[in-house]
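Examination of the molecular architecture
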Amino acid sequence: MQRFSLQRPAAAVLSGIILLSIPMMSLADGYITLGTTSESTPVISLGLDRTFEFERWHPQLTLRLGSGVLLLPGDIDDDNAAWTLTPALRWSFAGEHGMFVEAGIGMALFLNTHLEKRQLSTAFQFEDRLALGMPLGNGELSVSLIHYSNAGIKKPNSGFETLSIGYRHPF
């Protein structure tokens with residue numbers, strides 16, 4: 001079998017994200033996360049997001065809308081990648097440390113319907129996200145736990161989790 005390379009799909013997806021967001025660059029933040037899956041596959045995520053304030057409802061509540069590419073380099077023939085779109089509600093704790101917690105349900109569109117030994121059945125997967133973070137320099141540092149699953153749309157529904165550490169920085 002031919003080895004699948006993440007370079008071309010990742011370059012195409014990331015280029016598309018950047019081109020579509022050029023008018024919004026001054027309003028968007030860039031992020032990178034590094035981590036591992038529940039199958040010990042390394043995870044790299046690159047993307048852009050934007051935060052919307054909800055001051056009318058509550059001064060500590062915001063909405064973060066992110067889009068990016070999830071790269072899952074694996075063993076021979078086991079590479080995978082996905083385009084993600086994730087809204088997340090963020091609660092910022094009062095105080096000088098600026099800690100926050102985020103939760104959201106988004107979606108991911110995978111190139112392959114397998115990851116290592118798991119069958120995803122569908123390229124479309126839901127993305128359930130929990131994160132905890134704090135400001136660091138001009139950006140912010142976060143730890144996230146994400147679950148990918150097709151929610152039983154098609155069997156088998158062998159979802160997986162990722163645990164990542166990330167950095168988000170304004171452009």
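Structure's up top.
The following paragraphs examine the structure supplied in this document. Because the structure is a prediction, the values reported are computed rather than measured. (Residues numbered from 1 in each chain as written. Predicted model: local features only at pLDDT ≥ 70, side-chain atom pairs only at ≥ 80, totals over all residues. Heavy atoms only, no water.)

This part covers the packing of aromatic side chains. Here the structure, examined in full by the defined rule, presents five aromatic pairs. Measuring from ring centre to ring centre gives 4.9 Å for Phe54 and Trp57, while their planes differ by 75°; the resulting arrangement is edge-to-face. Using a relative accessible area of 18% as the deciding quantity, one classes Phe54 as buried. Here the aromatic rings of Tyr148 and Phe160 are separated by 5.1 Å at their centres, their planes lie at 25°, and the arrangement is stacked. Of this pair, Tyr148 sits in strand β9 (residues 139-149) while Phe160 sits in strand β10 (residues 160-170), placing them 12 residues apart in sequence. In this pair, the class of Tyr148 matches that of Phe160, namely buried. (Phe/Tyr/Trp six-rings, centres within 6.5 Å; stacked < 30°, edge-to-face > 60°. Buried < 20%, exposed > 50% of the residue type's maximum accessible area, 1.4 Å probe, protein only. Helix = DSSP H or I, 4+ residues; strand = E, 2+ residues; numbered from the N terminus.)

Here we come to a nonpolar patch on the surface. Together, Ile32, Leu34, Leu130, Val143, Leu145, Leu163 and Ile165 give the surface a local cluster of nonpolar side chains, amounting to about 630 Å² of exposed area. Listing elements by their share of the nonpolar patch, those giving two or more residues are β1 (29-37), β9 and β10. As for its placement among the helices and strands, Leu163 is situated in strand β10. Taking relative accessible area as the criterion, Leu163 reaches 49% and is therefore assigned partly exposed. (Patch = residues over 30% accessible without salt bridge, like charges linked within 9 Å, V, L, I, M, F, W, Y side chains within 5 Å. Areas by Shrake-Rupley, 256 points an atom, 1.4 Å probe, with all protein chains shown as cover. Salt bridge = Lys/Arg side-chain N within 4 Å of Asp/Glu carboxyl O.)

By themselves these figures say nothing about function.
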